[in-house]
Amino acid sequence: MAEGYDTTRFHSTIDESFVCCICLGVLQDPKQCENNEHYFCSGCIKKHLEKTSHSCPVCQDKLTVETLRKAPRIVADCVSRYKISCDHAARGCDAVLELGALQAHVQDCDFMPVTCSNESCDEVVSKRDVKQHELDLCRFKTTTCDDCGKKMSHHKYGAHSCVLRRDVDEMKNDLAEVKATQNEMMKGMRDGMQRLTIAVESLQKSVNSKSTDIVVIAGRNPKTKQILSSVERFNLFNQTWTQLPGLKIARWLSAAVIFKNQIIACGGFDESDGHLDSIEVLDLNGNRPEWHEFFVNLPIKVVGHKCVVHGNRLLIIGGQTKPGENLDTIYELLLVPPYSSKLLCHMKKKRIFHGVELFDDKVLIAGGEETETDVEIFDIARNECVEMPLLPSPVFRMGTVRRGDAMLLIGGLASIDAGKYRNEIIEYDFKTGQSKVLLAMKTGRAYCSCISRGNTLIVIGGANGEFDAMDCFDFLSNSWKRLPSMAEARRFAPAVVVNMENLEF
């Protein structure tokens, strides 16, 4: 039988008259005693009368299940208007609604626990994630053998007879080739092992070097709403966070790049100064780096923009110069004397909160608020933009990285009204314009920064409710790993990879 609602779930002040004196929860299906209008949850008072006593717990008048009366309609109406959190709040639902609408919401809530329908899988996931889990992530999903057409669980596929037979046939062919050209193969193997050893050592030095760090710059704390000037670095070797010197100007919605082992942070928004055109530089070539102002400012005051470095030039792409005025411009600023700037061209669309990645002498520009699925390429040599095939779905306020010939678009929002953080990672091929959902994150993310290193993808901040979280995806093992969190939660905090060897702090 139903008992009362936990009072801690309510976002309204509760009248004590509507609290059940048996369970001390807010009345559910309220009943009253026969004579004195003492209110109880239907389930609570019936259990009391059936197992404990035949009297009202408050006034002690004689009372039975049969003589219970339904509470006046005004009681139920008052209770139904109280604001209450969803039954699935602990799973991530942030809905707050009137009690009278709770049952209908709970039955259709995206966070309702659902058991995977794949045979032998007992994992429970949220309703919104169950299809993704069943089709892509579940180890018990159905896989069909290309050779015999037999269907089986994915985790059994590696031991399937067709797969084993194919592996054996390949091994026989390999052995035959080795026997036929043994000397040549042995020499090739020795050469190959030598090259592989060199490549592995090089990769280990680049990925695991103690001097290789990720630096996360400023942003805004979503809990305190404070615009930040603090800067943190994460060492990939020992997986620890440390503080770096802070910016001179707190800023968020800014952009950051690396130029000749210098971190350049530019533009953004500050509470006192509004839209910024200032540039700050952290020179990592000395012993004790400190932020200092660059020789010149950006050609415009701008937020929500993206930047890339091409040669000695900083390209400033899109953004917003003042509220409501999004830009379709691409500006150039020389990072060496004479530090001149100029407008290069206009994009096909006005863009803010979009994605940008550099591919040799071309820049791939994708998504953004109001542009959503539109993609174009800026040809640096020709100073012109060319439209490309659309993204599979709208996305903005996402993170992006370059991986080979593709841009990865990580998380983001599909629309302002929906407000749901996406967990998909979209792969967009720079050369062909083809795109697909490459994989899914464990949780939705927006306002995040991303780094690609070798076979790993690192996603920083932006997790729904966890803006200090950092996760790493290993493309070799096809698995996610949670890394140590930042010291401070951040939104729109750009991140760069730097070499901090021989620096002192």
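Residues numbered from 1 in each chain as written. Predicted model: local features only at pLDDT ≥ 70, side-chain atom pairs only at ≥ 80, totals over all residues. Heavy atoms only, no water.

A. Seen up close, a negative patch on the surface. A cluster of acidic side chains, namely Asp169, Glu170, Asp174 and Glu177, defines a negative patch on the protein surface. For Glu170, the location among the structural elements is in helix H5 (residues 161-180). Looking at Glu170, the relative accessible area reads 44%, which means it is partly exposed. (Patch = residues over 30% accessible without salt bridge, like charges linked within 9 Å, V, L, I, M, F, W, Y side chains within 5 Å. Areas by Shrake-Rupley, 256 points an atom, 1.4 Å probe, with all protein chains shown as cover. Salt bridge = Lys/Arg side-chain N within 4 Å of Asp/Glu carboxyl O. Lys, Arg positive; Asp, Glu negative; His and termini not counted. Charge placed at Lys NZ, Arg CZ, Asp CG, Glu CD. Helix = DSSP H or I, 4+ residues; strand = E, 2+ residues; numbered from the N terminus. Buried < 20%, exposed > 50% of the residue type's maximum accessible area, 1.4 Å probe, protein only.)

B. Up close: the nonpolar core. Membership of the largest hydrophobic core comes to 29 residues, with the highest contact counts inside it found for Tyr5, Phe10, Leu27, Leu63, Leu99 and Leu102. In this structure Leu99 touches Tyr5, Phe10, Val79, Ser80, Tyr82 and Ile84, once residues within four positions along its chain are discounted. Counting residues in each nonpolar core, the second largest holds 20 residues, with Ala255, Phe294, Val302 and Ile316 among its members. (Core = buried A, V, L, I, M, F, W, Y, C linked by side-chain atoms within 4.5 Å. Contact = heavy atoms within 4.5 Å.)

C. Structural context of the sheet that holds strand E1 (residues 30-32). Within the open sheet, the 3 strands sit side by side as E2-E1-E3. Their pairing is antiparallel. The open sheet is flanked by strand E2 (39-41) and strand E3 (69-70), the only strands paired with a single partner. Note: E1 against E2, 3 bridges, orientation antiparallel. By the bridge assignment for E2, Pro30 is matched with Cys41. Each of E1 and E2 touches helix H1 (residues 42-51); the most contacted strand, E2, lies at about 95 degrees to it. (Pairing = 2+ DSSP bridges. Axes fitted to C-alpha atoms, helices over the stretch in contact; angles between N-to-C directions.)

D. Geometry of the packing of aromatic side chains. Going through the model one piece at a time under the given rule, you end up with 16 aromatic pairs. These aromatic residues form a ring-pair network of at least three members: Trp252, Phe353, Tyr421, Tyr447, Phe467 and Phe492. A cation sits over an aromatic face here: Arg139 above Phe140, 5.0 Å from the ring centre. (Phe/Tyr/Trp six-rings, centres within 6.5 Å; stacked < 30°, edge-to-face > 60°. Lys NZ or Arg CZ within 6 Å of the ring centre and 35° of its normal.)

E. Inspection of unusual backbone geometry at higher detail. Here the amide bond leading from Pro337 into Pro338 is cis, since omega sits at 10 degrees, within 30 degrees of zero. Along the chain, Pro338 falls in the loop between strand E22 (325-334) and strand E23 (341-351). The phi dihedral of Leu24 falls on the positive side, at around 65 degrees, and the residue is not glycine. Tracing the backbone shows Leu24 in the segment before E1. Despite not being glycine, Glu372 has its phi angle at roughly 55 degrees, a positive value. Along the polypeptide, Glu372 turns up in the loop between strand E25 (362-366) and strand E26 (375-379). Residue Glu372 is classed as partly exposed on the basis of its relative accessible area, which comes to 29%.

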